[in-house]
Amino acid sequence: MANEEGGPDMVSFRELARRLVSEGVVERITHQRISQLSREDAAFPPVVQIGRSSAVDYRKARPYFASRKSRQGQRTDLKKPTSEA
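This report concerns the structure included in the present document.

What counts and how
Residues numbered from 1 in each chain as written. Predicted model: local features only at pLDDT ≥ 70, side-chain atom pairs only at ≥ 80, totals over all residues. Heavy atoms only, no water. Pairing = 2+ DSSP bridges. Helix = DSSP H or I, 4+ residues; strand = E, 2+ residues; numbered from the N terminus. Axes fitted to C-alpha atoms, helices over the stretch in contact; angles between N-to-C directions. Contact = heavy atoms within 4.5 Å. Buried < 20%, exposed > 50% of the residue type's maximum accessible area, 1.4 Å probe, protein only. Core = buried A, V, L, I, M, F, W, Y, C linked by side-chain atoms within 4.5 Å.

Some points on the pairing of strand 2 (residues 47-50)
Here strand 2 pairs with strand 3 (residues 53-57) via 4 bridges, running antiparallel. Across the sheet, the residue bridging to isoleucine 50 is serine 53, located in strand 3. Taking the residues between adjacent antiparallel strands as the criterion, strand 2 and strand 3 are bridged by 2 residues, where glycine 51 takes a positive phi near 65°.

Take a look at the structure:
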């Protein structure tokens, strides 16, 4: 791990998922879900391609996941349409 004064602590999505769970930041998450969030969430930390792998700075990703509200199991496609008055 990089120290506070050093450079970025770049980790793969698989390692990011492992660290987030082992440090108790999230209860569970997969590298596939992290990949999906990186594509769909504009607030996701910057992603760097290293060969065929994607990597992110752990020091920026950890606060993102710590403050993110989990919606596990919530169906977003069943939202009721809002009625216009």
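Some remarks on the sheet that holds strand 2
One open sheet holds the 3 strands; their spatial order is 1-3-2, and the pairing between them is antiparallel. Lying at the two open borders of the sheet, with one neighbouring strand each, are strand 1 (10-12) and strand 2. Taking each pair of neighbouring strands and ignoring which way they run, the sheet shows an average axis angle of 40°. Strand contacts of helix 1 (residues 13-22): strand 1, strand 2 and strand 3, with the helix running at about 95° to strand 1, the strand carrying the most contacts.

Section: the pairing of strand 3
Within strand 3, 4 of the 5 residues are buried, which leaves it mostly tucked inside the rest of the structure. Pairing analysis gives 3 bridges linking strand 1 to strand 3, with the strands arranged antiparallel. Bridge pairing links methionine 10 to aspartate 57 in strand 3.

Points about the nonpolar core
With 16 residues, the main nonpolar core has Leu16, Leu20, Ile29, Ile34, Phe44, Val56 and Phe65 as its most contacted residues. Elements supplying a minimum of two residues to this core: helix 1, helix 2 (31-40) and helix 3 (58-67). Contacts of isoleucine 34, omitting those with residues within four sequence positions, involve Phe13, Leu16, Ala17, Leu20, Ile29, Phe44 and Phe65.

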